[in-house]
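What follows is the residue order along each chain.
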Amino acid sequence: MRIRIIIGIFFLLTSFSLFSQEIEANVIVNMEQLEFEARNNVANFDRDLMNYINNQSFTGEKWEGPKIPVEINIYLSGGRNGRYSARMFLISKRFLDGPEENSGQSVALRMIEDNWSFEYGLGAFLSFNMLRFDRISSMIDYYMFLVIGMDKDTYGELDGSKEYDKAKSIFQLGASNEIPGFKTFSQPGEFTKYNLVTELTDMRYEDFRKLIFAYYVDGLDRMAFNKEKATEALAGIIADMAAFKQNKLTGPSVLLQLFFDSKAQELASIFKGYQDKKVFNDLIYLDPSNTMLYNEARDSK
């Protein structure tokens, strides 16, 4: 009997070490638009979401390295009969290589969800289920798989493919249940969940995903060791991204939009006053919505 207990404990500890959590999320819920009674019903919403995300192994694999930092800000409205609408702002970051005193973080994804509605009450239980769509947990799962997929893509070429496939499966489940925001038809270039997961799982965008990998490994991860060489490498990667857009794309891309929405401030800071002005032409071509930002960086000394 004692041997069986020891063996059981061993397998329990082994399985826990093999299936570890990938994300460390901080969730802030803004309830200013809610009436007092509705606020009471969601008093634990932030804690429930954090417990769900931070205790869930989304990949079911052993996670190596630090957990992915994720900041989530949710603005609630409605609240009648326990029914809420929400806007969610999500930022994930990626740890950079370098000496401990000089290493830092880079914003990997910056996303907004503004078509989210659900029912919620005190004592609600959130569970992970890839076969059933839940208006709260499945929406969170969709974004967490995007976060994990992007993080993995920055450490190995196309390593996030499995996670993007899972995000697509969640999207298809939402679409089959006719959940708002999960429609399967979108105009080209319209920033929708459908267009995003379609591009992330499309072989035609694999070359751009490989350039994202190079952006981190050949650029940002080398910045603390040799800033000049790393900046030169990043200028070359931006040129390759511009060539990808010119030669491989026939219309607007939400993946490119997502990348540069997340990276515009970082890129402007890195190339501020950079001598080779071609990089600014490439950036403006890739990300025309931030033209003013890049012009200011170009003209700085």
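Coordinates for the structure precede this section.
The written sequence of each chain sets the order in which its residues are numbered from 1. Confidence filtering applies because this is a predicted model: local features only for residues at pLDDT of at least 70, side-chain atom pairs given and counted only at 80 or more, and all residues used for totals across whole chains, interfaces and linings. To get the side-chain values, all heavy atoms of the structure are used, and hydrogens and water are removed first.

1. Considering the overall build of the chain
Consideration 1: Put simply, DSSP marks the helices as runs of H or I at least four residues long and the strands as runs of E at least two long, and each gets a number from the N terminus on. The helix and strand tally for the chain stands at 11 helices and 4 strands.
Consideration 2: With C-alpha atoms as the basis for the radius of gyration, the globule rule is written as 2.2 Å multiplied by the number of residues raised to the power 0.38. The C-alpha radius of gyration of the chain comes to 21 Å, within 12% of the 19 Å expected for a compact globule of 301 residues.
Consideration 3: Any residue under 20% of the maximum accessible area for its type is buried, any over 50% is exposed, and the rest in between are partly exposed; the area is computed with a 1.4 Å probe on protein chains only. Within the chain, the fraction of its 301 residues that count as buried is 46%.
Consideration 4: Every residue pair with non-hydrogen atoms within 4.5 Å of one another is taken to be in contact. At a minimum sequence separation of 6, the contacts of the chain that also span at least 24 residues come to 69%.
Consideration 5: With the model as given, the accessible surface of the chain reaches about 16000 Å², and the carbon-plus-sulfur share is 51%.
Consideration 6: Each charge sign in the chain was given a centre, from 34 positive and 42 negative side chains, and these centres are 1 Å apart. In this description, accessible areas are obtained by the Shrake-Rupley approach with a 1.4 Å probe, and a residue is regarded as covered only by the protein chains that are shown. Positive charges are assigned to Lys and Arg, negative charges to Asp and Glu, while His and the chain termini are left out of the count. By convention, the charge on Lys lies at NZ, on Arg at CZ, on Asp at CG and on Glu at CD.

2. Regarding the side chain of threonine 59
Consideration 1: Checked against the element boundaries, threonine 59 lands in the loop between helix 3 (45-54) and strand 2 (68-78).
Consideration 2: When its relative accessible area of 8% is taken as the criterion, threonine 59 is described as buried.
Consideration 3: N or O atoms closer than or at 3.5 Å make up a polar contact, with two conditions inside protein: a donor-capable atom paired with an acceptor-capable one, and, for residues adjacent in sequence, both atoms drawn from side chains. A polar contact of 2.7 Å, which involves the side chain of threonine 59, links it to the side chain of glutamate 22.
Consideration 4: Among the polar contacts made by the side chain of threonine 59, one reaches the main-chain amide nitrogen of glutamate 61 at a distance of 3.2 Å.
Consideration 5: With residues up to four places along the chain from it excluded, the contact list for threonine 59 reads Glu22, Ile148, Glu163 and Lys166.

3. Things to note about the packing of helix 4 (residues 137-153) against helix 6 (residues 193-200)
Geometrically, a packed helix pair is captured by the angle between its two axes and the distance between the axes.
Consideration 1: It is at 12 Å that the axes of helix 4 and helix 6 come closest, and there the two elements cross at 35°. Along this stretch, helix 4 crosses helix 6, giving a crossing that reads as left-handed. Contact with helix 4, carried on its side by Met139, Tyr142, Tyr143 and Leu146, involves Lys193, Leu196, Val197 and Leu200 of helix 6 and no other residues of that element.
Consideration 2: Residue composition of the contact of helix 4 with helix 6, by class: 7 nonpolar, no polar and 1 charged. Only the contacting stretch of a helix is used when fitting its axis, a line to C-alpha atoms as for every element, and angles between N-to-C directions run 0 to 180 degrees. In this scheme the handedness of a crossing depends on how the near helix is turned from the far one: anticlockwise by less than a right angle means left-handed, clockwise means right-handed. Under the convention adopted here, Pro, Cys and the residues Ala, Val, Leu, Ile, Met, Phe, Trp and Tyr are nonpolar, Asp, Glu, Lys and Arg are charged, and Gly plus all remaining residues are polar.

4. Remarks on the environment of leucine 258
Consideration 1: Locating leucine 258 in the fold gives a position in helix 9 (residues 254-270).
Consideration 2: Spatially, the C-alpha atoms of leucine 258 and lysine 67 are 22 Å apart, while their sequence positions differ by 191 residues.

5. Quick word on the pattern of salt bridges
Consideration 1: Here a salt bridge means any side-chain nitrogen of Lys or Arg lying within 4 Å of a carboxyl oxygen belonging to Asp or Glu. Under the counting rule described, the total for this entry stands at 14 salt bridges.
Consideration 2: The shortest N-O distance in the salt bridge between glutamate 61 and lysine 162 comes to 2.4 Å. Pair noted here: glutamate 61 is in the loop between helix 3 and strand 2 and lysine 162 is in helix 5 (residues 161-176), with a separation of 101 residues, a long-range link.
Consideration 3: Residue glutamate 61 is classed as partly exposed on the basis of its relative accessible area of 27%.
Consideration 4: On the basis of relative accessibility, which here comes to 46%, the residue lysine 162 falls in the partly exposed class.
Consideration 5: In this structure, glutamate 119 engages arginine 83 in a salt bridge whose closest nitrogen and oxygen atoms are separated by 3.2 Å. Taken together, the positions of glutamate 119 in strand 4 (residues 105-119) and arginine 83 in strand 3 (residues 83-95) put the pair 36 residues apart, joining distant regions of the chain. We note that glutamate 119, like arginine 83, is exposed.

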